[in-house]
Amino acid sequence: GATMSEALYLHGYAHILMGRAAEAIPSLEEAVRLEPNKAERLNALAQAYEGVGGRDPVRIERLYREALRIQPALSDIRLNLGLFLQSRGRLDEARAAYQEVTESESWNALGWYNLGTVALQEGNFDEAQRLLEKSVELNPLDGGALSNLGLVYLQLNRLSDGQDMM
């Protein structure tokens, strides 16, 4: 019953936290089969599938979207969906997912950071600068945002110096 599926979920989730996605999958698949209406389990299974690579992207996306249908307010799942879409080159959809997060949680540094990485990928450096600065403002200790911001400053300086991009 419920306690068994909870134990399976926690067992699978522990494997994910230890970076062992492949070992997580059997427990998580069973936990989802037993209780398919729990958003965090669908999210964990999608994460495990992404972690092992080579899994059906349609299935992964469906898991994230189903999780969000059950729990639309879970911004960490929405960020995961965005990262998945971004990794598939679906930048407009990724941006839309991140914007949903920043609109409902303006304090969510990761939402702004991810929007900044989309702008970077598109070569939109002014926009990237604005977004990454906002992310750093909200979370000054985020090394990733700071190093990306460094890249943006470099690019913008080169552009203003009239140098080539490369």
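What counts as what
- Residues numbered from 1 in each chain as written.
- Predicted model: local features only at pLDDT ≥ 70, side-chain atom pairs only at ≥ 80, totals over all residues.
- Heavy atoms only, no water.
- Helix = DSSP H or I, 4+ residues; strand = E, 2+ residues; numbered from the N terminus.
- Buried < 20%, exposed > 50% of the residue type's maximum accessible area, 1.4 Å probe, protein only.
- Contact = heavy atoms within 4.5 Å.
- Areas by Shrake-Rupley, 256 points an atom, 1.4 Å probe, with all protein chains shown as cover.
- Lys, Arg positive; Asp, Glu negative; His and termini not counted.
- Charge placed at Lys NZ, Arg CZ, Asp CG, Glu CD.
- Expected span 1.5 Å × (residues − 1).
- Axes fitted to C-alpha atoms, helices over the stretch in contact; angles between N-to-C directions.
- Parallel < 35°, antiparallel > 145°, perpendicular 65-115°, else oblique.
- Left-handed = near helix turned anticlockwise from the far one by under 90°.
- 1 Å grid on protein atoms, 1.4 Å probe; cavity = no way out; pocket = protein on both sides within 12 Å on 5 of 7 lines; lining within 4 Å.
- Points joined across faces, edges and corners; volume = space filled by probe spheres on them.
- Nonpolar A, V, L, I, M, F, W, Y, C, P; charged D, E, K, R; others polar.
- Core = buried A, V, L, I, M, F, W, Y, C linked by side-chain atoms within 4.5 Å.
- Phe/Tyr/Trp six-rings, centres within 6.5 Å; stacked < 30°, edge-to-face > 60°.

Describing the overall build of the chain
So, step 1. If you tally the helices and strands in the chain, you get nine helices and zero strands.
So, step 2. Each helix and strand of the chain, ordered N terminal to C terminal, gives the series α-α-α-α-α-α-α-α-α.
So, step 3. Each principal axis of the C-alpha atoms in the chain carries an extent, and together these give about 65 × 30 × 30 Å.
So, step 4. Among the 166 residues that make up the chain, the fraction classed as buried is 42%.
So, step 5. Partitioning the contacts of the chain with sequence separation of at least 6, the portion at a separation of at least 24 is 44%.
So, step 6. Carbon and sulfur atoms form 53% of the exposed surface of the chain, whose accessible area is close to 9,000 Å².
So, step 7. Of the side chains in the chain, 16 bear a positive and 24 a negative charge, and the two mean positions are spaced by 7 Å.

Observations regarding helix H8 (residues 125-138)
So, step 1. Taking 1.5 Å per residue as the helical rise, H8 with its 14 residues ought to reach 20 Å, and the 20 Å between its terminal C-alpha atoms agrees with that figure.
So, step 2. Where H8 is buried, its residues touch helix H7 (109-121) and helix H9 (143-160).

A word on the packing of H7 against H8
So, step 1. H8 packs onto H7 with a crossing angle of 160 degrees between their chain directions and a minimal axis gap of 8 Å. It follows from the interaxial angle that H7 and H8 lie roughly antiparallel. Remark: the crossing between H7 and H8 carries left-handed chirality. Within the contact between the two elements, H7 uses Ala109, Trp112, Tyr113, Leu115, Gly116, Ala119 and Leu120 and H8 uses Phe125, Glu127, Ala128, Leu131, Leu132, Lys134, Ser135 and Leu138.

With respect to the layout of surface pockets
So, step 1. Estimated volume of the largest pocket: approximately 170 Å³.
So, step 2. Lining the largest pocket, in full, are Tyr9, Tyr13, Ile16, Glu40, Asn43, Ala44, Gln47, Leu74, Asp76, Ile77 and Asn80.
So, step 3. When contributions to the lining of the largest pocket are tallied by element, the ones reaching two or more residues are helix H1 (2-17), helix H3 (39-52) and helix H5 (75-87).
So, step 4. Considering each element in turn, the lining of the largest pocket owes the most residues, four residues, to H3.
So, step 5. By residue class, the composition of the lining of the largest pocket is six nonpolar, three polar and two charged.

Side note on the nonpolar core
So, step 1. Core analysis: the biggest nonpolar cluster contains 43 residues, and Leu28, Tyr64 and Val152 have the highest contact counts within it.
So, step 2. In this structure Val152 touches Leu120, Phe125, Ala128, Gln129 and Leu132, once residues within four positions along its chain are discounted.

Describing the environment of Leu149
So, step 1. Following the sequence through the fold, Leu149 ends up in helix H9.
So, step 2. In this structure the C-alpha to C-alpha distance between Leu149 and Arg130, which are 19 residues apart in sequence, comes to 9.3 Å.

What to know about the packing of aromatic side chains
How two aromatic rings sit relative to each other is set out by the distance from centre to centre and by the angle between their planes.
So, step 1. Scanning the model with the defined rule gives two aromatic pairs in all.
So, step 2. Seen from their ring centres, Tyr64 and Phe84 are 6.3 Å apart, and the 55 degrees between their planes marks the pair as tilted. On the criterion of sequence distance, the pair formed by Tyr64 in helix H4 (residues 57-70) and Phe84 in helix H5 is long-range, its members being 20 residues apart.
So, step 3. Residue Tyr64 is classed as buried on the basis of its relative accessible area, which comes to 0%.
So, step 4. Judged by its relative accessible area of 3%, Phe84 falls in the buried class.

Describing the environment of Ala73
So, step 1. Topologically, Ala73 is positioned in the loop between H4 and H5.
So, step 2. The spacing of Ala73 and Val101 is 28 residues in sequence and 8.7 Å in space, taken between C-alpha atoms.

A look at the environment of Arg20
So, step 1. Relative to the helices and strands, Arg20 resides in the loop between H1 and helix H2 (21-34).
So, step 2. Residues Arg20 and Val52, 32 residues apart in the sequence, show an inter-C-alpha distance of 8.6 Å.

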